[in-house]
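Residue-level listing of the chains:
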Amino acid sequence: MNQDVTQRGANRSLTLRLWLFVAGSFAFGFALVPLYRVLCQVTGIGDQKQLSAATAARIGTADAARTVTVEFIGNLPTVGNWEFRPTQTTLRVHPGQLYEASFVARNLTGHDTVAQAVPNIAPGEAVSWFHKTQCFCFAPQSFRSGEQRVLPVRFFIDRALPANVDRITLSYTFYDTAARVAAR
């Protein structure tokens, strides 16, 4: 009998501790959001307001005295199942100003599918200064059979781009991700 009472007391104590642990974990989960905001304000990293303000400041004033040529290239890893091309092959831009270019993609696979664009920027030294604010490459794109779509990309070039860079190539390789997943 004594052992039963001792066992029940131990069980109650363990149950209480487990419930306190669950309640503490739940409270910690709710506290993470304000803690993250405080951390972002202190460090300046990840704060969306500061990031938006910094981007707006970098875009705000264009360097009208400088012109950079941006070339656009569309690639396909295979031939015949997609059409993918830029709507214009070059664009002359001023660093610090926001621009938009677009690509045309057409599904010729004969079935509904999903595709993903993978970007590449050349020369490599320009990567740090080329900023995409909106891009079809950020997420997979669903296409119906035969569907054609214009895919925009918005970008700006930082005014701090090294002076020796006067030409940047933005190329995309457009993959049919449904075919790649099925091949695995």
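The model shown is predicted, which means the values in this text are computed figures rather than measured ones.

Asks: Just checking my understanding: could you explain the overall build of the protein for this structure?
Replies: Counting secondary structure elements, the protein contains three helices and nine strands. When the helices and strands of the protein are placed in sequence order, the string is α-α-β-β-β-β-β-β-β-β-β-α. Summarising the internal contacts of the protein: among those between residues at least 6 apart in sequence, 73% fall at separations of at least 24. As displayed, the protein has an accessible area near 11,700 Å², and 58% of this comes from carbon and sulfur atoms.

Asks: Looking at this structure, how should I read the side chain of Glu147?
Replies: Relative to the assigned elements, Glu147 resides in the loop between β7 (141-143) and β8 (148-157). Within the structure, the side chain of Glu147 is placed 3.1 Å from the side chain of Arg149, a separation counted as a polar contact. Leaving out residues up to four positions away in the same chain, Glu147 has contacts with Ala105, Arg106, Asn107 and Ser142.

Asks: In this structure, what is going on with the pattern of salt bridges? I would like to understand it.
Replies: Here the idea is simple: oppositely charged side chains can pair when their charged atoms come close. Per the stated rule, a full pass over the model turns up four salt bridges. In this structure, Arg85 and Glu83 form a salt bridge, with 3.1 Å as the shortest nitrogen-oxygen distance. We classify Arg85 as partly exposed; its relative accessible area is 37%. The closest approach of N and O atoms between Arg154 and Glu100, which form a salt bridge, is 3.7 Å.

Asks: Looking at this structure, I do not really get the sheet that holds strand β3 (residues 90-93). What am I missing?
Replies: Pairing between the strands of a sheet is mediated by backbone hydrogen bonds and can be parallel or antiparallel. In spatial order, the strands read β3-β1-β9-β5-β7; together these five strands make up an open sheet with mixed pairing. With one partner strand each, in any of the chains shown, β3 and β7 form the two edges of the open sheet. Here the strands of the sheet are splayed against their neighbours by 30° on average, with no regard to which way each runs. One ladder, built from seven bridges, connects strand β1 (residues 68-75) with strand β9 (residues 167-176); its direction is parallel.

Asks: What exactly am I supposed to notice about the pairing of strand β2 (residues 82-86) here?
Replies: In the case of a regular strand, side chains alternate between the two sheet surfaces. Residue alternation in β2 divides its side chains into a buried set, Trp82, Phe84 and Pro86, and an unburied set, Glu83 and Arg85. Pairing between β2 and strand β4 (residues 99-107): five bridges, direction antiparallel. Each residue of the ladder has a partner; that of Arg85, found in β4, is Val104.

Asks: I would appreciate a short explanation of a nonpolar patch on the surface in the present structure.
Replies: Together, Trp19, Phe21 and Val22 make up an exposed nonpolar region whose accessible area comes to about 390 Å². Mapped onto the secondary structure, Trp19 falls in helix α1 (residues 2-43). Residue classification places Trp19 among the exposed positions, given a relative accessible area of 60%.

Asks: Before we go on, may I ask you to explain the sheet that holds strand β6 (residues 130-135) in this structure?
Replies: Reading across from one edge, β2-β4-β8-β6 is the order of the four strands in this open sheet, with antiparallel pairing throughout. Of all strands in the sheet, those bounded by a partner on one side alone are β2 and β6. Looking at each pair of strands side by side, their axes are set apart by 25° on average, direction ignored.

Asks: Teacher, can you tell me more about the nonpolar core here?
Replies: Side chains of a nonpolar character, in soluble globular proteins, are inclined to be buried together. Counting residues in hydrophobic clusters, the biggest one holds 30 residues, and the most contacted among them are Phe136, Phe155, Ile168, Tyr172 and Phe174. The contact partners of Ile168, leaving out residues within four places of it in the chain, are Val68, Thr69, Val70, Glu71, Ile121, Ala122, Pro123, Ala126, Phe130, Ile157 and Leu161.

Calculation notes
Residues numbered from 1 in each chain as written. Predicted model: local features only at pLDDT ≥ 70, side-chain atom pairs only at ≥ 80, totals over all residues. Heavy atoms only, no water. Helix = DSSP H or I, 4+ residues; strand = E, 2+ residues; numbered from the N terminus. Contact = heavy atoms within 4.5 Å. Areas by Shrake-Rupley, 256 points an atom, 1.4 Å probe, with all protein chains shown as cover. Polar contact = N/O pair within 3.5 Å; in protein donor to acceptor, adjacent residues only side chain to side chain. Salt bridge = Lys/Arg side-chain N within 4 Å of Asp/Glu carboxyl O. Buried < 20%, exposed > 50% of the residue type's maximum accessible area, 1.4 Å probe, protein only. Pairing = 2+ DSSP bridges. Axes fitted to C-alpha atoms, helices over the stretch in contact; angles between N-to-C directions. Patch = residues over 30% accessible without salt bridge, like charges linked within 9 Å, V, L, I, M, F, W, Y side chains within 5 Å. Core = buried A, V, L, I, M, F, W, Y, C linked by side-chain atoms within 4.5 Å.

All we've got here are geometric facts, nothing functional implied.
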